[in-house]
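Results of the structural survey
In case you want the letters, here they are:
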Amino acid sequence: MHVTHDPAAAPSPTIDFNSFLAVDIRVGTIVDAKPFPEARKPAWRLWIDFGPAIGVRKSSAQITENHPLESLVGQQVAAVVNFPPRQIGPVVSEVLTLGFPDADGKVVLVQPGKPVPNGGRLF
């Protein structure tokens, strides 16, 4: 799924601005989080509220190492909301929750530095 986690890797090929605009990255608030024991790799199931235009969407996120389950509800996160749904075991993931790898390659969520309205688009 991921090209590389190596921070020293060369950048991807140049894209035009319209290609960037085609990826709809929004902020939402996690309203529910549950274990996902059926996942091949440790993951949580998330329900994220992206505001009235998009609503609540489901995601499967491999964030267990840096984000304890009990800490997730109420946190804002960034996600791609215009990828097609993806079947992950028995769960359909409707958005791609975004993160960066830490020094050990474990996911750290992309989050705004202060609260922002749900549904806001990254620019």
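Residues numbered from 1 in each chain as written. Predicted model: local features only at pLDDT ≥ 70, side-chain atom pairs only at ≥ 80, totals over all residues. Heavy atoms only, no water.

Moving on, we get to the pairing of strand E3 (residues 56–61). Pairing analysis gives six bridges linking strand E2 (residues 44–49) to E3, with the strands arranged antiparallel. Residue pairing for E3: Trp-44 is matched across the bridge by Ala-61. Between E2 and E3, which pair antiparallel and follow one another directly, the connecting turn spans six residues, one of which, Gly-51, has a positive phi of 90°. (Pairing = 2+ DSSP bridges. Helix = DSSP H or I, 4+ residues; strand = E, 2+ residues; numbered from the N terminus.)

Another point: the nonpolar core. Ile-30, Leu-46, Ile-48, Phe-50, Ile-63, Leu-72 and Val-95 are the most contacted members of the largest nonpolar core, which totals 15 residues. Secondary structure elements with two or more residues in this core: strand E1 (25–35), E2 and strand E4 (76–80). Here this core takes three residues from E2, the largest share from any one element. Not counting residues up to four positions away in its chain, the partners in contact with Val-95 are Ile-48, Phe-50, Arg-57, Lys-58, Ser-59, Ala-79, Val-80 and Val-81. (Core = buried A, V, L, I, M, F, W, Y, C linked by side-chain atoms within 4.5 Å. Buried < 20%, exposed > 50% of the residue type's maximum accessible area, 1.4 Å probe, protein only. Contact = heavy atoms within 4.5 Å.)

Okay, the UniProt feature "domain: TRNA-binding" (unreviewed entry) in the protein chain next. In the numbering used here, UniProt assigns the feature "domain: TRNA-binding" (unreviewed entry) to residues 19–123. The span residues 19–123 shows a helical share of 4% and a strand share of 40%, and its end C-alpha atoms are spaced 13 Å apart. (UniProt positions renumbered as here; feature names shortened; annotations may be inferred.)

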